[in-house]
Amino acid sequence: MMHIHMNESQEQFTNQPEGRPSAPVATLQAAQITDILEGMSDALYAVDKHWRLTYINRKTEEIWGRQRKTVLGRDIWAAFPHAVGTPPYTA
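Since we're looking at a predicted model, the values are computed, not measured.

As for its position among the elements, Thr 60 is in helix α2 (residues 58–64). Reaching out from Thr 60, the side chain makes a polar contact with the side chain of Asn 57 at a distance of 2.8 Å. When residues no more than four places from it in sequence are discounted, the contact partners of Thr 60 are Ala 43, Leu 44, Tyr 45 and Gly 65.

We now examine the packing of aromatic side chains. To describe a pair of aromatic rings, one takes the distance between the centres and the angle between the planes. Evaluation of the coordinates by the stated rule reveals four aromatic pairs. With a centroid separation of 5.4 Å and an interplanar angle of 50 degrees, the aromatic rings of Tyr 45 and Trp 64 are classed as tilted. With Tyr 45 in strand β2 (residues 44–47) and Trp 64 in helix α2, the pair connects residues that are 19 residues apart, well separated along the chain. When the ring of Trp 77 is compared with that of Tyr 89, the centres are 4.8 Å apart and the planes differ by 90 degrees; the resulting orientation is edge-to-face. One end of the pair, Trp 77, is in helix α4 (residues 76–79); the other, Tyr 89, is in helix α5 (residues 87–90), with twelve residues separating them in the sequence. Exposure remark for Tyr 89: the relative accessible area of 39% places this residue in the partly exposed category. Of the aromatic side chains, those joined through ring pairs into one cluster are Tyr 45, Trp 64 and Phe 80.

Our focus in this paragraph is the pairing of strand β3 (residues 53–56). Here three bridges tie β2 to β3, and the two strands are oriented antiparallel to one another. When the bridges of β3 are listed, Tyr 45 appears paired with Ile 56. Two successive antiparallel strands, β2 and β3, enclose a turn made up of five residues, where Trp 51 displays a positive phi of approximately 65 degrees.

A few words now on the side chain of Glu 38. Among the secondary structure elements, Glu 38 is positioned in helix α1 (residues 23–39). Looking at Glu 38, its side chain comes within polar contact range of the side chain of Tyr 55, at 2.4 Å.

With that settled, the discussion passes to the nonpolar core. Judged by nonpolar contacts, Tyr 45, Val 47, Leu 53, Ile 56, Trp 64, Val 71, Ile 76, Trp 77, Ala 79, Phe 80 and Ala 83 together constitute the single largest core of eleven residues. Secondary-structure elements contributing two or more residues to this core are β2, β3 and α4. A total of three residues in this core trace back to one element, the largest contributor, which is α4.

Reading the values: the criteria
- Each chain carries its own residue numbering, running from 1 in the written order of its sequence.
- With the structure being a predicted model, the display of local features is reserved for residues of pLDDT at least 70 and the display and counting of side-chain atom pairs for 80 or more, all residues being used for whole-chain, interface and lining totals.
- By convention in this description, side-chain values take in all heavy atoms of the structure and omit both hydrogens and water.
- Think of it this way: any DSSP run of H or I at least four residues long counts as a helix, any run of E at least two long counts as a strand, and we number them from the N terminus.
- By the criterion applied in these results, polar contacts are pairs of N or O atoms within 3.5 Å in which, for protein atoms, one can donate a hydrogen and the other can accept it, and in which residues neighboring in sequence qualify only through two side-chain atoms.
- Two residues form a contact once any of their heavy atoms are found within 4.5 Å.
- Within 6.5 Å between ring centres, the rings of Phe, Tyr and Trp (the latter by its six-membered ring) count as paired, and their orientation is classed by plane angle as stacked under 30 degrees, edge-to-face over 60, tilted in between.
- Residue burial is assigned from relative accessible area. The probe radius is 1.4 Å, only protein chains are included, and a residue is buried under 20% of its type maximum, exposed over 50%, and partly exposed in between.
- Strands pair, by our definition, only if DSSP identifies at least two bridges between them.
- In this description, a nonpolar core means a group of buried Ala, Val, Leu, Ile, Met, Phe, Trp, Tyr and Cys residues linked to one another through side-chain atoms lying within 4.5 Å.

Dropping the structure here:
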């Protein structure tokens, strides 16, 4: 299973510096990336700097046995208290 620690907010597509893609292009690129992540055979989740779950793909839903709507925005350790004290928690 992979996880991504997100440091920036989703606002990255609203205020693009010169040389960056326009909002419509960035939105299309984001949709393409989402399609790729959703089609992966590996589980993938992302957390922000406060350890809140910001993304989980379909495979993660399947493995965790939870729908994304029940965990997104929640602190990962509150969503999975049994994981506190495990190697991922102490890393």
